[in-house]
Each structure stands twice: as structure tokens, then as C-alpha cells.
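Notes for the structure review
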Amino acid sequence: MRHIRFRDRDGAVREATVPSGEAFPDDATLLRPIDPPEVWCSGVTYERSRDARIEESGSDVYALVYDADRPELFLKDAACRRTVGPGEPIAIRSDATWNVPEPEIGVVLGEDLGIVGYTIGNDVSSRDIEGANPLYLPQAKVFAGACAIGPAVYVPEDWEAPLAIELTIRDARGEVLFDGATSTAKMKRTFSELVSWLVRDNPVPPGSVLLTGTGLVPPDDFTLLPGHVVSIHVPEIGTLTNPVVVASDLIDRRTAVLERNPR
């Protein structure tokens, strides 16, 4: 079963439950299915991700964390300041030259901080910044429009069943630039294991989302550019599609809105 939020033709925000495989309402403008108070990320949970990080940085720190008991965890966002929903622009940094999407499964945490559902997440990243120095990770990961989630929260009948993840990137003309697929069956760690480390001695608020790492990395000669469109498809959840802009454009838009509507 999938839970969605959407804006109808009259502009009202509504919620609905839609079985997997059925179409979303025709008049629906899909919104973030939830507004997580915090978004956290796990890193280096797939072998492909480990190898890509070693190649970009020349450091073995990624191999060490891949094999360690303790996973990589970091805070991506709070209060949805940098997190968008379906159809909204994601962004790339203006001071980076190598930007990529990172398609991931997001686990939604309930009142007891257990897993209550899954959604799709995009952990947009600047690989050249992180590759220059692992201590630059926050700058490579945290900026306006750096995260997207949606289109639904999926509650499975079988919590152990692996999920297929498909990534397609198109240019402004609609031509496919990258197309790839992976599965959570290839993960080094389980969702429950990642959550157990996240909430250890950490007051994570209920409703938060933990993105669980990516197993899809475009080739090294690829970078996201304004006008590209990123689509992440998980059959049980749906498709999360976002156009790409420059992060400073999102900040300029927000400033303009605040100036028009001062509190």
C-alpha cells in the first residue's frame, strides 16, 4: 500500500492511499508524501559506491568504512529547508564541476523509531568537492535543493523483499544520458542495522527519513547540468522525477517570495 499527499484542482492539499500498481489520481499534483523533521543519509553501503568513492578521492577511508561495523551516517537536512518533492527542482552547486544524483531507498521512522515505510530519495552530491577531501562532505552534500523524496510512502507486506531501483537521466531535449538499475539485495548492510546505528544515543525525531545509500553511480565523465531531468523508479513506490537547476537560483526564488510576503 502507498500513502500520498497531493494538491487537487482546487488547490486543496489532500491525502490518499493507493495500492501499488494503480495509477495516482488524475488531478493530483504530487507533493512530498511526508515533511520529515530530519533527513539522514548512510554512505558506502553498496560495493559500487565504495569503488566510486575510492576512485574519486584516492583514499582508502571508504574501503575501511565499508568493512567496518559502524556505518557512515550524516545529517542531510532539517525542517525540509533543502528537501523537495516530486516535480520540484533539485539543484547542483555553482562552485562544483562534478555533480551527480544518488538514487536511494529512504526508510521512514515511526513514533518508536522503527521502520514504518519506504520512500524514494535522491541524495544529490558534488563528487569533486568530496573527492578533494573527505572533510568537505557537508559542503558536497548539504545545499539548497540537495535532496528529493517521494512520490509515496510504501508499506510492504513483506519487509524483507528486496527493492529494484532504476535511474534515468535525460537532457532538456528528452534524450537519455544515463540509464541504470540496481537492487537493495546488493546492499552491504540491512535497513534495520542502519537505523539501529542512527538512533543510538541520538534524539532523532519521529517522522524522520534515513536514506540508505546508493548503488548507482554514473560514469566519471558525466555531470548533472541545469535542464537535465532525473527520474528514479521503484516499481512498488512509483517514480520520483525532478528537473535540475543551480542551487543559487532556488535561494534567489525563496528570497523573492519572502520579500513579497514578509511576516
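A short tour of the structure in this document, coming up. As the structure is a prediction and not an experimental result, all values here were calculated from the model.

Here we take up the overall build of the protein. The number of helices and strands found in the protein is six helices and 17 strands. Relative to the compact-globule value of 18 Å for 263 residues, the protein shows a C-alpha radius of gyration of 18 Å, a close match. Here the protein holds 263 residues, and the buried ones make up 51% of them. Taking the intrachain contacts of the protein between residues at least 6 apart in sequence as the baseline, contacts between residues at least 24 apart amount to 71%. As presented, the protein carries roughly 12,300 Å² of accessible surface, and 50% of it is formed by carbon and sulfur atoms.

The next point concerns the sheet that holds strand S14 (residues 176–183). Reading across from one edge, S7-S17-S16-S13-S14 is the order of the five strands in this open sheet, with mixed pairing throughout. The open sheet has two edge strands with one neighbour each: strand S7 (90–92) and S14. Each neighbouring strand pair of the sheet contributes to a mean axis angle of 20°, computed without reference to strand direction. When S7 meets strand S17 (residues 238–246), the two strands line up parallel, connected through three bridges. Each residue of the ladder has a partner; that of isoleucine 90, found in S17, is valine 244.

What follows deals with the environment of glutamate 157. Looking at the secondary structure, you find glutamate 157 in the loop between strand S12 (147–154) and strand S13 (164–170). We classify glutamate 157 as exposed; its relative accessible area is 83%. Separated by 149 residues in sequence, glutamate 157 and aspartate 8 have C-alpha atoms that sit 29 Å apart.

Thresholds applied
- Residues numbered from 1 in each chain as written.
- Predicted model: local features only at pLDDT ≥ 70, side-chain atom pairs only at ≥ 80, totals over all residues.
- Heavy atoms only, no water.
- Helix = DSSP H or I, 4+ residues; strand = E, 2+ residues; numbered from the N terminus.
- Rg over C-alpha atoms; globule rule 2.2 N^0.38 Å.
- Buried < 20%, exposed > 50% of the residue type's maximum accessible area, 1.4 Å probe, protein only.
- Contact = heavy atoms within 4.5 Å.
- Areas by Shrake-Rupley, 256 points an atom, 1.4 Å probe, with all protein chains shown as cover.
- Pairing = 2+ DSSP bridges.
- Axes fitted to C-alpha atoms, helices over the stretch in contact; angles between N-to-C directions.

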